[in-house]
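Descriptive structure summary
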Amino acid sequence: MLRCFLAGDSAGGNLAHHVAQRACEFNFRRLKVIGVVAIQPFFGGEERTESETRLAGTPLVSIKRTDWMWNAFLPEGEGFNRDHPIINVSGPQAVDISEIKLPPVMVVVAGFDVLHDWQKRYYEWLKKSGKEVYLFEYPNMCHAFYIFPELPESGQLIDQVKDFIHKVSSNVATL
């Protein structure tokens, strides 16, 4: 059996979650997802969170920009509802993942990210659903901080991803 990790940052973190969920529901015979790395995953919801309000004018990710992206992304004919389970994975329309064998998940959150509160809710939802989940917080960083290699936190994140992959891979190898 082939084993793999799914990893993504921002919208890719959202995609990594959804692909892992679907892969676990389908239960492939020749390929198994053994871990998910969600770096500042792009989630949202109808409610305006404290971080969205406090950080409304930040570059890269803003309320205006996220609303535009969600509106463009949602399936046609479903209306603009940020609580759609594609956007708000842990919200009122969330898929019940308690019985799904979701692999361990690494969630990376930055303090100056408009999406901070949604990412923390995702982490809490995974924990509440009985999943193995690890939270890595960067309180003084913004969205996509890791694209700046001159920041020490960028290198730290790479090391943490590497350690997570090694830890999960070694646990799977002993099963």
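Residues numbered from 1 in each chain as written. Predicted model: local features only at pLDDT ≥ 70, side-chain atom pairs only at ≥ 80, totals over all residues. Heavy atoms only, no water.

Considerations on the sheet that holds strand E2 (residues 31–39)
Ordered in space as E1-E2-E3-E4, the four strands form an open sheet in which the pairing is parallel. Looking at the sheet topology across the chains shown, the edges are occupied by strand E1 (2–9) and strand E4 (133–142). Neighbouring strand axes in the sheet, compared pairwise and without regard to direction, differ in orientation by 15° on average. Pairing of E2 with strand E3 (residues 105–112), which is carried by four bridges, proceeds in the parallel orientation. (Pairing = 2+ DSSP bridges. Helix = DSSP H or I, 4+ residues; strand = E, 2+ residues; numbered from the N terminus. Axes fitted to C-alpha atoms, helices over the stretch in contact; angles between N-to-C directions.)

Examining the nonpolar core
Of all hydrophobic cores here, the largest spans 22 residues; its most connected members are Leu-102, Val-105, Val-107, Tyr-122 and Leu-126. Looking at this core, the elements that each hand over two or more residues are helix H1 (11–26), E2, E3 and helix H4 (116–128). Here Val-105 is in contact with Val-36, Tyr-122, Leu-126, Glu-132, Val-133, Tyr-134 and Phe-164, once residues within four sequence places are set aside. Of all hydrophobic cores here, the second largest spans 17 residues; its members include Val-108, Tyr-138, Ala-144 and Val-161. (Core = buried A, V, L, I, M, F, W, Y, C linked by side-chain atoms within 4.5 Å. Buried < 20%, exposed > 50% of the residue type's maximum accessible area, 1.4 Å probe, protein only. Contact = heavy atoms within 4.5 Å.)

Some words on the pairing of E3
The buried fraction of E3 is high, at seven of eight residues. Strand direction decides the pairing type here: E3 and E4, joined by seven bridges, are parallel. Looking across to E4, one finds that Phe-112 is bridged to Cys-142. Following the backbone out of E3, through H4 and into the adjacent parallel E4, one traces a crossover that is right-handed. (Right-handed = clockwise from strand over helix to strand, strands pointing away.)

Looking at the packing of aromatic side chains
Any pair of aromatic rings gets described here by the distance separating the centres and the angle formed by the planes. Summed over all chains, the structure comprises eight aromatic pairs. Pairing Phe-43 with Tyr-122 gives two aromatic rings, centres 4.7 Å apart and planes at 45°, and the pair type is tilted. In this pair, Phe-43 is assigned in the loop between E2 and helix H2 (50–54) and Tyr-122 in helix H4, connecting sequence segments 79 residues apart. Comparing Phe-43 with Tyr-122, the two get one shared label, buried. Measuring from ring centre to ring centre gives 5.8 Å for Tyr-134 and Phe-164, while their planes differ by 70°; the resulting arrangement is edge-to-face. Here Phe-164 lies in helix H5 (residues 152–173) and Tyr-134 lies in strand E4, a separation of 30 residues in the sequence. Of the aromatic side chains, those joined through ring pairs into one cluster are Phe-5, Tyr-134 and Phe-164. Seen from the ring of Trp-118, Arg-121 lies directly overhead, with NZ or CZ sitting 4.7 Å from the centre. (Phe/Tyr/Trp six-rings, centres within 6.5 Å; stacked < 30°, edge-to-face > 60°. Lys NZ or Arg CZ within 6 Å of the ring centre and 35° of its normal.)

Quick notes on unusual backbone geometry
Generally, phi is negative for residues other than glycine and the peptide bonds are trans, each holding for most cases. Positioned with a positive phi, Gln-40 is a non-glycine residue whose angle comes to about 45°. In this structure, Gln-40 sits in the loop between E2 and H2. In this structure Gln-40 comes out as buried when scored by relative accessible area, which is 0%. Phi is positive for Ala-144, which is not a glycine, with a value near 70°. The topology assignment puts Ala-144 in the loop between E4 and H5.

Focus on the side chain of His-116
Mapped onto the elements, His-116 comes out in helix H4. Those residues in contact with His-116, other than ones at most four positions away along the chain, are Ser-51, Val-109, Ala-110, Gly-111 and Glu-137.

Remarks on the UniProt feature "domain: Alpha/beta hydrolase fold-3" (unreviewed entry) in the protein chain
Look at the UniProt record and you will see "domain: Alpha/beta hydrolase fold-3" (unreviewed entry) annotated at residues 3–146. Taken end to end, residues 3–146 is 31% helix and 24% strand, and its first and last C-alpha atoms sit 26 Å apart. (UniProt positions renumbered as here; feature names shortened; annotations may be inferred.)

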